[in-house]
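Chain and residue survey
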Amino acid sequence: MHEFSVIIPCYRDESRLEQLLSQLNALPDIPQEVIVVDGARQTACRAVCERYGARWLAATPCRGQQLRAGAMSARGEILWFLHADARLPENPLPAMARALTNGALGGYFRFRFDGACAWPAPLLEAAIALRCRIGVPYGDQGIFARRSSYLAAGGHAPWPLFEEVPLVRNLRALGRFQALTESLWVDPRRWQRDGWWRRTWRNRKLALAFACGVSAEKLAGQYCHRGDPDDLTTGT
């Protein structure tokens, strides 16, 4: 089995982090190390990490910088990046290992909304699957990569959002970046709070602005101005 390092950026989300660390510890195949990169530098986050045997790193509150810091600190052959509010499939490590053994240099999981959701959820899941095939999967889909490939691709951009875009594009240029059939469940709270279509349209406007050359830092400022800073560190 490959040696996996799990890297989780966190920002004042200790309750969901604790749930994720509990899931990781209960897996049939347990990763060799779990690294939590805490943008808020909270003693509460550090205590959760100690309780579950995860390494705690303090960092500035910027998701791209947090992910880079975790990757540079990791010792495993395979890097697996998770958001703190993810719910895992039953046994994800063998699925990733099979993809890597069969020649992929990385990949991502299928996006699914967690729990009972409104009727737009399956439509949006299908749209996200299409977007991933023709565009870029985002960080809430459990991106993983060989450490050597991650470094060759330049790692995550040091941005507060869209930090995975150049990484995924560069990985695809290097080799096969595989979509797994296994699902990773994403907390739907932001869609429920903002409205399913309103939230989706807001995300697409940000992605379009980014594609047209607006900097990630400027777009992040708009996000924070709208009072939603936790989106920049725990979800997409």
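As a reminder, the structure under discussion sits directly above these lines.
Residues numbered from 1 in each chain as written. Predicted model: local features only at pLDDT ≥ 70, side-chain atom pairs only at ≥ 80, totals over all residues. Heavy atoms only, no water.

Focus: the overall build of the protein chain
Test applied: We count a stretch as a helix when DSSP gives it H or I for four or more residues in a row; a strand needs E for two or more, and each element gets its number in order from the N terminus. To get the radius of gyration, use the C-alpha atoms; to get the globule rule, take the number of residues to the power 0.38 and multiply by 2.2 Å. Only protein chains enter the accessibility calculation, which uses a 1.4 Å probe; a residue whose area is less than 20% of its type maximum is buried, one above 50% is exposed, and one in between is partly exposed. Between two residues, a contact is recorded if the distance between any of their heavy atoms is within 4.5 Å.
From N to C terminus, the protein chain includes eleven helices and eight strands. Relative to the compact-globule value of 18 Å for 236 residues, the protein chain shows a C-alpha radius of gyration of 16 Å, a close match. A principal-axis box enclosing the C-alpha atoms of the protein chain has dimensions of 40 × 40 × 35 Å. When the 236 residues of the protein chain are sorted by exposure, 54% land in the buried category. If you take every contact in the protein chain between residues at least 6 apart in sequence, the share linking residues at least 24 apart comes to 76%.

Considering unusual backbone geometry
Most peptide bonds take the trans form, and the phi angle of most residues other than glycine is negative. One non-glycine residue, arginine 12, lies in positive phi territory at about 55°. The exposed category is assigned to arginine 12, whose relative accessible area is 54%. Even without being a glycine, arginine 41 presents a positive backbone phi close to 55°. Along the chain, arginine 41 falls in the loop between strand E2 (33-38) and helix H2 (43-52).

Points about the sheet that holds strand E5 (residues 86-87)
Short version of the rule: Pairing between strands is defined by DSSP: at least two bridges between the two strands are required.
The sheet built from eight strands is open, its strands ordered E3-E2-E1-E4-E7-E6-E8-E5 with mixed pairing. Sheet topology places strand E3 (55-58) and E5 at the edges, where each strand pairs with a single neighbour. For strand E4 (residues 78-81) and strand E7 (residues 144-146), the ladder comprises three bridges, and the chain directions are antiparallel. Bridged to tryptophan 80 within E7 is phenylalanine 144.

Some thoughts on the pattern of salt bridges
Which entries qualify depends on this criterion: Each salt bridge in this description consists of a side-chain nitrogen of Lys or Arg and a carboxyl oxygen of Asp or Glu lying within 4 Å of one another.
Under the criterion given, the structure shown has 18 salt bridges. The shortest N-O distance in the salt bridge between arginine 87 and aspartate 114 comes to 2.7 Å. Remark: aspartate 114 occurs in the loop between strand E6 (106-113) and helix H5 (120-134) and arginine 87 occurs in strand E5; sequence separation between them is 27 residues. Judged by its relative accessible area of 25%, aspartate 114 falls in the partly exposed class. Residue glutamate 182 is joined to arginine 98 by a salt bridge in which the shortest nitrogen-to-oxygen separation is 3.6 Å.

Description of the packing of H5 against helix H9 (residues 196-211)
To keep it simple, the criterion reads: Comment: axis = line fitted to C-alpha atoms, over the contacting stretch for helices; angle = value between 0 and 180 degrees taken between N-to-C directions. Orientation is classified from the angle alone, with under 35 degrees giving roughly parallel, over 145 giving roughly antiparallel, 65 to 115 giving roughly perpendicular, and any other angle giving oblique. Left-handed describes a crossing in which the near helix is turned anticlockwise from the far one by less than a right angle; the clockwise case is right-handed. Under this grouping Gly is polar, as are all residues other than the nonpolar Ala, Val, Leu, Ile, Met, Phe, Trp, Tyr, Cys and Pro and the charged Asp, Glu, Lys and Arg.
The interhelical angle for the contact between H5 and H9, taken along N-to-C directions, is 15°, at an axis separation of 11 Å. Here H5 lies roughly parallel to H9, going by the angle between them. The two elements H5 and H9 cross, and the hand of that crossing is right-handed. Here H5 contributes Pro120, Ala121, Leu123, Leu124 and Arg131 to the contact with H9, which in turn contributes Trp196, Trp197, Thr200 and Arg204. Class assignment for the residues of the contact of H5 with H9 results in six nonpolar, one polar and two charged.

Examining helix H7 (residues 165-174)
Filter applied, for reference: The arc refers to the directions leading from the helix axis to the C-beta atoms.
All buried positions along H7 are accounted for by Val165, Leu167, Val168 and Leu171. Projected down its long axis, H7 carries its buried residues within an arc of 165°, all on one side. Facing away from the buried surface of H7 by more than 90 degrees, the exposed residues are Arg169 and Ala173. Against E7, helix H6 (147-152), strand E8 (177-186) and H9 lie the buried residues of H7.

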